[in-house]
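Structural overview
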Amino acid sequence: MLCPFIGQCRSRTRAVYRQTAVYRTVCCSGYTGSRCEAVCSPSCRNGGTCSSPNSCSCQSGWTGSICTLPVCPFGCANGGTCTRPRVCSCRSGWTGATCSQPVCNPSCENGGTCTSPNTCTCQNGWSGDSCNNAVCPSGCANGGTCTRPRVCSCQSGWTGATCSQPVCTPSCENGGTCTSPNTCTCQNGWSGDSCNNDINECAVDNGGCHHTCHNTAGSFECRCNSGYSLASDGRTCNEPPAVPRNIVVSNVGKRTATVSWVPPPNTFPNQLTAVSAYRICASQNQFQEGNRVVTAGQQSRMYEFTNLEEYTAYFFHVAAFNSFGEGASNDPIEATTLEAAPSAAPLAVQAFPNSSYNITILWSPPPEIDRNGVIIYYEIQLTETENGTEFQWTSPELTTTRGSLHPHFHYEFRVAAHTSIGTGPFSAVETVQTLPAAPTAAPTQLRVSNFDSSTIALVWEPPPFTDRNGDIVRYHIRVTEQETQTIFEYSSTSQHYTLTSLHPYYNYVISIAAETVGVGPFTTGLLQPTMESVPSSAPGNFSMAVVNSTSILLSWSELPLPERNGVVQGYTICLTNVRNGRDTDYSAVSGPYSIVNLHPDFTYRAEVAAVTVVGAGPFSSQIEVRLPEAAPSGPPTHFSVDELSPRSITLKWGYPLEEDRNGVISGFRVRFISNNFTDLEVENATITIEEVKPFTLYYAEVAAFTMVGIGPYTVRIRVLTPEDVPSPVSTTMLEAIQGSPTQLTVQWRPPEEPNGELLAYSVCCRESTQQPLCDCDSAISVSSTSCPCGDLEQDTSYHLQAMFPVGLPHVKVIGGFSPYTNYTCFMTANTSAGESSPGIPHSSTTDESTPADEPQDIMVNSLNSTAILIQWSPPHIPNGIILFYTIYINDSITFNIIAAYQNSFMFGWLSPYQLLNVRLSASTKVGEGPLTESQSVTTDESGTDKVYFDFSTIVIIFTSLTNLMPLQVSCMSHKKSMP
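- The protein chain is annotated in an unreviewed UniProt entry as Receptor-type tyrosine-protein phosphatase F of Geodia barretti.

In structure tokens, the structure reads:
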């Protein structure tokens, strides 16, 4: 923390000396001169000007803290350096104003472009560092050379754009191809260097021909004998295969037979003449009509026919195939299959019902081809679908009748034929149904449930399946209302029905019957009451009376019995707060009914309804009443501190909630609490309390009141006033410390009014070299407005000497003073709000010390050949009263120490032309100060002149280099002639 009396930058400060004012200008750091101009160190270069401390404003083209950096506006690219304004020094490989133009050496040829140092980007068709190499994209083959873009110079024996096409001399004939220089590759049938010699292919293995080979120029052809044609291979003649050999039919059964054979001979075996497959035929006549034909692979030697017809004659044939077609087949071989059971079912199987209890079934025999023998009888199977009962019997006729069946049941039946070998397959299953009859039993599982007070839901199951005797077309429902003995009849086509428009809370007896072609028996009657409902009217004679400001009494009469629609469980009351529209429901067993804890001064509207277990009936007409006022039931809202200062508190709050006012708010009572209670009444919702103490804890609460009374207080709030600056500190003592010339002892009393939490004490002091016009030590109080000695707060000669933390003891030793100096000091105390006014200043002088520096302005002069004169001024910092000066004089032999009590001394009885060294020091009561630098003087040479001097009383101490005993000589003032 700094003393609050230090002057500001470039301010005009004032020191008061009686009635004269002296002014001086003090510049801030970084400024100098009478006009406080800015200082830049080092100075601005290249024409720049110092615009603020150590900040230069540069000329165009220069920048930097002292304008020594040149500026190139467009920059220096590629590592270039800006050496002068707008001038770049480029690195090797770059040129141009901004070093952005590359240099290529050697230069780019054939239209190439230099794109970076010594790097050329070449035109199409050229390559190389300087674009001097031609490019042939597909290359030059077989030793060719690229001489220009896309142009090859070929070696001998080659030609073409890329030197890849060979040259043959002479050229190749008869379709031959030149595949390398002077080398032909010939077509089939030719030979020789130029492919001009024919080859006779028929000379070797008949040229591979089936019948005859005929040579032609460069080729040959195969020819066939008369009656044959040449195959697609150009060599084979199309001869179909011969008849297979050793054909045998064996293993003949009811529906199977096996045929075997040996392949036919082949006179010209190859792929075309080889047997590729066999065709085997089984027919029921020797002319292969009605064939059953199959194909077998070339490796097959046997085939088994299956699924033949029983007891049937078949003729079998076998023929071979090759690539030229089918060869001749063998003469037919006959075989007959064995007899079997019928292979098909009877035809036209059908049935029809004769009554509810019997049916007739009829059919036709199987097709003749599928009988496979003589039909002896027919087997009939009958299955009752509903329960799986089976019946089986036989009949030699084509019809049969079956009785003792169940009405309206489904029956599945089928018929099969029988020979001496066995029974054939059954016919497809057919279905027949007996005729229906009236049910023989009532519906089952009748269940009832109530949907509401006027509805009963019925659900049932049909009669047992075996008792339905047909399709149920509808159900008959009989309902008896016991209270009135009224019978109601209903019908339904489904297995459920809902009875509606019934009377609430009545008993009903319900029974059901099913109908097919007739109506069956009814179920046993089932008793089911209807549910209760809400009452159908409101209670009568409804009234409402005010009991007090928070309660009312409601009364009504009971409902008539027919309108109750059940057992009245109680009553529901709807009470509406007219002011806020809020509804509240109450339940009462009976009337009258009291409602309490209502809001005073509120208007209420009430209505009542009777209640059964189902719910409430209609409400009565509404009745409205307003309650009288009362004291507020809630405190004011939003109670808080609005403004707060060390000396005043402003509180504010809101009105109680609307529902808590209980009338018109007449005013507010504020309770302010410190050491005692203070009640204040105000009309508005704010109050300012003056003359409070700083840094003091207060409590406050507020309540609203109506004409009837006062309501509850708010929650008490805690208010701590802010801190303020303390009252002045009283300094009781400022004393020097013996033996401690740089310290003083200060003692004080804390502020009478700390006005907050004290943070620290400050001591501000100044040297008392300028005495005030009055004795401030005797002033009763000191402040910026009352101090008769001047305005301390504007006196910049004071400085912060020390700071002390808060705490005991209130006495401290202060250091940092100059010895033997009179100081005036005062004390202040600090809180977070600031610093107190200065306390009463006290003065004291520090103890003496040795002088801080040597005597000043030393002059040593030769007076004549035997005497010198020494003169000086006191030290700048004597640190006490100078008691005497010590003079040290020596030559090459003797050393003299002299004590002097004035500021000059004459030293005589010297030898002519004698060299002396002189040093001095000052002494206080504490001790001797530092010595001056040594000064040399030489006495004059010997002469005849005589000089007379006035001697003052002195004390001379003679000291030899070996004898340290002092000798003191006192001399009276006199005139003496010196030789």
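Topic: the overall build of the protein chain
- In terms of helices and strands, the protein chain carries one helix and 82 strands.
- Here the C-alpha radius of gyration of the protein chain, 73 Å, is well above what a compact globule of 979 residues would show, namely 30 Å.
- Across its three principal axes, the protein chain shows a C-alpha extent of roughly 200 × 140 × 60 Å.
- Within the protein chain, buried positions represent 37% of all 979 residues.
- Look at the contacts in the protein chain between residues 6 or more apart in sequence, and 55% of them connect residues 24 or more apart.
- Counting only carbon and sulfur atoms, one obtains 49% of the accessible surface of the protein chain, whose full area is about 53,000 Å².
- Positive and negative charge centroids in the protein chain, built from 48 and 81 side chains respectively, lie 10 Å apart.

A closer look at the UniProt feature "domain: EGF-like" (unreviewed entry) in the protein chain
- Sites flagged by UniProt as "domain: EGF-like" (unreviewed entry) map to residues 68–100, 132–164, 165–196 and 198–238.
- Secondary structure across residues 68–100 divides into 0% helix and 33% strand, with the first and last C-alpha atoms of the span separated by 25 Å.
- Between the end C-alpha atoms of residues 165–196 the distance is 22 Å, and the span holds 0% helix and 34% strand.

A word on the UniProt feature "domain: Fibronectin type-III" (unreviewed entry) in the protein chain
- As annotated in UniProt, the feature "domain: Fibronectin type-III" (unreviewed entry) corresponds to residues 243–340, 345–437, 442–533, 538–630, 635–724, 725–831 and 854–942 in the numbering used here.
- From the first C-alpha to the last, residues 442–533 spans 34 Å; its make-up is 0% helix and 52% strand.

Looking at the sheet that holds strand E64 (residues 730–737)
- Spatial ordering of the open sheet is given by E64-E65-E68, a layout of three strands whose pairing is antiparallel. Looking at which strands have only one partner, the edges of the open sheet turn out to be E64 and strand E68 (811–814). Taking each pair of neighbouring strands and ignoring which way they run, the sheet shows an average axis angle of 20°.
- Looking at chain direction, E64 and strand E65 (residues 740–749) are connected through seven bridges and run antiparallel. If you follow methionine 733 over to E65, its bridge partner there is glutamine 747.

Describing the nonpolar core
- Grouped together as the largest cluster of nonpolar side chains are 20 residues, with contacts concentrated most on Ile552, Leu554, Trp556, Ile573, Leu575, Ile595 and Leu598.
- Elements with a contribution of two residues or more to this core: strand E50 (540–548), strand E51 (551–557), strand E52 (570–577), strand E53 (582–588) and strand E55 (603–611).
- The biggest single contributor to this core is E55, with four residues.
- Not counting residues up to four positions away in its chain, the partners in contact with leucine 575 are Ile552, Arg582, Asp583, Thr584, Tyr586, Ile595, Leu598, Tyr604, Arg605 and Ala606.
- Among the nonpolar cores identified, the runner-up in size contains 19 residues, and Ile665, Phe668, Ala700 and Val702 belong to it.

Some thoughts on the side chain of glutamate 835
- Structurally, glutamate 835 can be placed in strand E70 (residues 834–835).
- Buried charge without a partner: glutamate 835 forms no salt bridge, and the closest opposite charge is arginine 766, 16 Å away.
- One polar contact links glutamate 835 to threonine 828, side chain to side chain, over a distance of 2.5 Å.

Quick word on the state of the cysteines
- Here the structure, examined in full by the defined rule, presents 20 disulfides.
- The disulfide that involves cysteine 27 links it to cysteine 36, with 2.0 Å between the sulfurs. On the sign convention where negative is left-handed, the bridge of cysteine 27 and cysteine 36, at about -85° about the S-S bond, is left-handed.
- For cysteine 27, a relative accessible area of 23% gives the class partly exposed.
- Exposure remark for cysteine 36: the relative accessible area of 7% places this residue in the buried category.
- Note that cysteine 122 is cross-linked by a disulfide to cysteine 131, the S-S spacing being 2.0 Å. Taking the torsion about the S-S bond as the criterion, the cysteine 122 to cysteine 131 disulfide, at about -90°, is left-handed.

As for unusual backbone geometry
- Residues glycine 591 and proline 592 are joined by a peptide bond in cis, for which omega reads -5°.
- With omega at -5°, the peptide bond leading from leucine 808 into proline 809 counts as cis.
- In this structure, asparagine 78 is a non-glycine residue whose phi angle is positive, near 55°.
- Structurally, the position occupied by asparagine 78 is in the loop between strand E8 (69–70) and strand E9 (81–84).

Here we look at the pattern of salt bridges
- In the structure shown here, the tally under the stated rule is 18 salt bridges.
- Arginine 671 serves as the salt-bridge partner of aspartate 679, at 3.0 Å between the closest nitrogen and oxygen.
- Relative accessible area serves as the criterion here: at 21%, arginine 671 is assigned to the partly exposed category.
- Of the charged contacts in the structure, one is a salt bridge between glutamate 701 and arginine 716, with a shortest N-O distance of 3.4 Å. Of this pair, glutamate 701 sits in strand E62 (residues 697–705) while arginine 716 sits in the loop between E62 and strand E63 (717–720); the two residues are 15 residues apart in sequence, bridging distant segments of the chain.
- What you see here is one network of salt bridges that share partners, running through Arg579, Asp601, Arg626, Glu658 and Arg661.

Considerations on the sheet that holds strand E76 (residues 904–907)
- With respect to topology, three strands assemble into an open sheet ordered E72-E73-E76, the strand pairing being antiparallel. Two strands lie at the open edges of the sheet, namely strand E72 (856–862) and E76, each paired on one side alone. Taken over all neighbouring pairs, the strand axes of this sheet differ in orientation by 10° on average, direction set aside.
- Pairing of strand E73 (residues 868–873) with E76 involves four bridges; the strand directions are antiparallel. Bridge pairing in E76 places leucine 869 opposite methionine 906.

Examining the pairing of strand E46 (residues 486–492)
- Where strand E45 (residues 474–481) lies against E46, seven bridges are found, and the strand directions are antiparallel. Paired with threonine 480 across the two strands is isoleucine 487, which belongs to E46.
- What sits between the antiparallel neighbours E45 and E46 is a turn of four residues, in which glutamine 485 has the positive phi angle 60°.

Rules used in this analysis
- Residues numbered from 1 in each chain as written.
- Predicted model: local features only at pLDDT ≥ 70, side-chain atom pairs only at ≥ 80, totals over all residues.
- Heavy atoms only, no water.
- Helix = DSSP H or I, 4+ residues; strand = E, 2+ residues; numbered from the N terminus.
- Rg over C-alpha atoms; globule rule 2.2 N^0.38 Å.
- Buried < 20%, exposed > 50% of the residue type's maximum accessible area, 1.4 Å probe, protein only.
- Contact = heavy atoms within 4.5 Å.
- Areas by Shrake-Rupley, 256 points an atom, 1.4 Å probe, with all protein chains shown as cover.
- Lys, Arg positive; Asp, Glu negative; His and termini not counted.
- Charge placed at Lys NZ, Arg CZ, Asp CG, Glu CD.
- UniProt positions renumbered as here; feature names shortened; annotations may be inferred.
- Pairing = 2+ DSSP bridges.
- Axes fitted to C-alpha atoms, helices over the stretch in contact; angles between N-to-C directions.
- Core = buried A, V, L, I, M, F, W, Y, C linked by side-chain atoms within 4.5 Å.
- Salt bridge = Lys/Arg side-chain N within 4 Å of Asp/Glu carboxyl O.
- Polar contact = N/O pair within 3.5 Å; in protein donor to acceptor, adjacent residues only side chain to side chain.
- Disulfide = S-S within 2.5 Å.

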